[in-house]
Every structure is written in structure tokens, then in C-alpha cells.
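What the coordinates show
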Amino acid sequence: YYFSALINLIHKGKNPLDEDLRQKINSWYKENQFSESHNTFYTDFSTQLDFDPIITARHYFYEKNYLKAATTIENQYSSKEKFLQFLSSLSYIEIKDLGDSFVYGSSDKIRYSEYFATAALSLPEPNKAFYSLFSAGRLHEKVYPNSSRNLDYYRTAIYLAEEDSFDRALW
């Protein structure tokens, strides 16, 4: 209902985004795997709405533009402190997508491997810490395929894996 009302108002040239509706849209993205519906909504309204950088990055990731996905976040959160604070605000689904974006698109995999690993130490939810450590291992592995550090990241991550992530952790 909210999205069809939003579409009608935007097509009439009005900006109806009160805080409640903006929060519903952000929650829809934050709590769900990025789908064709998310992508269509983003594509249709990216010129009218100001999407959060993580939504923009997930859009690029969905379209397999990994470099642009990673660069969107790297440019917005360039310092370690900003990046760690940003990661702590994400859902585990967003961390998973972001990690995958960085594995395929980041030009500085070692630096971001360290950032993801450091963030995992302060993330209170096991599934967020798991995806952060798992991403750290995958990023580090892209540069140093046979490093024992990769194995350390993966071994630690496996202990944090919830049931639905356990198979991925074994991989």
C-alpha cells in the first residue's frame, strides 16, 4: 500500500516522504535480500529519492557492477573509524552483500579485510560478526591465497555461524 501510494504521489510531482514512510522503505531494504522488486524500485525512483549509500551499493552489486558498489562505500566512509561505525549500523544481510561487493570490487582488499575483521570484534550479534569475519577472510584470500590468516578468520567465523550460515562457513 505504502509503495503504490508513494509511486502515485511522486508521479504527480510531490515529495511525500515523511519520516515514517522513509523508515518503512529503509526497513524494506535493510531486512530483506535485495531482489528484482528492490532493484526496480531503486531504478524507478533513484532520481527522485535520496537513497542511503548502502542501498545504492546493493543496487550496483545486484547489477553485478562490483567495482561501483565497493567504490560507493569506500568514497563515503574513507577512514577506518567511519567505516567501522558504518558497519555497526548495518543488518547482517547488508554486511553480507557489502562483503561480497568488496571481495569482487575493492581495489584495496587488504585494508578492507582488516576493517571487516576489526569490526567483527565489536559487533554484538553473532550473525553480523560472522559475515564480517567471513568477508575479512575472503578479502585477504584474494590477495594471499595460502595465508594462515585466512584460515584464522574462517575458523573464528565458524564458531559465530548460525545454522543458516554454517554451510557457508564450512566453505
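Remember, it's a predicted structure, so these values are computed and weren't measured experimentally.

Another point: the nonpolar core. Formed by 43 residues in total, the largest nonpolar core has its most connected members in Tyr29, Ile73, Phe83, Leu87, Leu98, Phe102 and Phe116. In terms of residue count, the dominant contributor to this core is helix α9 (residues 126-143) (seven residues). Sequence-distant contacts of tyrosine 29, that is, excluding residues within four places in its chain, are made with Phe34, His38, Phe41, Tyr42, Phe51, Ile55 and Arg58.

Two elements in contact, helix α4 (residues 53-62) and helix α7 (residues 92-105), have axes whose closest approach is 10 Å; the angle formed by their N-to-C orientations is 55°. With respect to α7, the axis of α4 lies oblique. You can see that α4 and α7 cross each other, and the crossing is left-handed. Contact residues: Ile54, Arg58 and Phe61 in α4; Ile93, Glu94, Asp97, Leu98, Asp100, Ser101 and Tyr104 in α7. Residue classes in the contact of α4 with α7 are distributed as five nonpolar, one polar and four charged.

Another aspect to go through is the pattern of salt bridges. When the charged atoms of two side chains with opposite charge come close together, those side chains can pair. According to the stated counting rule, one finds seven salt bridges in the structure shown. Close ionic contact of lysine 80 with glutamate 114 constitutes a salt bridge, the shortest N to O distance being 2.8 Å. Residue lysine 80 is located in helix α6 (residues 80-88), and its partner glutamate 114 is located in helix α8 (residues 109-122); the two are separated by 34 residues in the primary sequence. With relative accessibility at 26%, the residue lysine 80 sits in the partly exposed group. Taking the relative accessible area as the measure of exposure, glutamate 114 reaches 40% and is therefore partly exposed. Connected via shared salt-bridge partners are Arg58, Lys96 and Asp97.

Where helix α5 (residues 66-76) meets α7, the closest approach of the two axes is 8 Å, and the angle between their N-to-C directions is 115°. With respect to each other, α5 and α7 are oriented roughly perpendicular. The way α5 lies across α7 gives a crossing that is left-handed. Facing α5, whose interface residues are Tyr66, Leu67, Ala69, Ala70, Ile73 and Glu74, α7 presents Leu98, Ser101, Phe102, Tyr104 and Gly105. Of the residues assigned to the contact of α5 with α7, the class counts are eight nonpolar, two polar and one charged.

Time to look at the side chain of serine 135. For serine 135, the position within the fold is in helix α9. Sequence-distant contacts of serine 135, that is, excluding residues within four places in its chain, are made with Ile95, Gly99, Val103 and Phe116.

The subject of this paragraph is α4. Counting buried positions along α4 yields nine of 10 residues, so the element is predominantly enclosed. Along α4, the residues classified as buried are Pro53, Ile54, Ile55, Thr56, Ala57, Arg58, His59, Tyr60 and Phe61. Next to the buried residues of α4 lie α2 (19-30), α3 (36-45), α5, α6 and α7. In the stretch just after α4, lysine 64 is the one whose phi turns positive, near 65°.

To continue, consider a nonpolar patch on the surface. Taken together, the side chains of Ile110, Val143 and Tyr144 make up a nonpolar region of the molecular surface, amounting to roughly 250 Å² of accessible area. Structurally, the position occupied by isoleucine 110 is in helix α8. Taking relative accessible area as the criterion, isoleucine 110 reaches 31% and is therefore assigned partly exposed.

Rules used in this analysis
- Residues numbered from 1 in each chain as written.
- Predicted model: local features only at pLDDT ≥ 70, side-chain atom pairs only at ≥ 80, totals over all residues.
- Heavy atoms only, no water.
- Core = buried A, V, L, I, M, F, W, Y, C linked by side-chain atoms within 4.5 Å.
- Buried < 20%, exposed > 50% of the residue type's maximum accessible area, 1.4 Å probe, protein only.
- Helix = DSSP H or I, 4+ residues; strand = E, 2+ residues; numbered from the N terminus.
- Contact = heavy atoms within 4.5 Å.
- Axes fitted to C-alpha atoms, helices over the stretch in contact; angles between N-to-C directions.
- Parallel < 35°, antiparallel > 145°, perpendicular 65-115°, else oblique.
- Left-handed = near helix turned anticlockwise from the far one by under 90°.
- Nonpolar A, V, L, I, M, F, W, Y, C, P; charged D, E, K, R; others polar.
- Salt bridge = Lys/Arg side-chain N within 4 Å of Asp/Glu carboxyl O.
- Patch = residues over 30% accessible without salt bridge, like charges linked within 9 Å, V, L, I, M, F, W, Y side chains within 5 Å.
- Areas by Shrake-Rupley, 256 points an atom, 1.4 Å probe, with all protein chains shown as cover.

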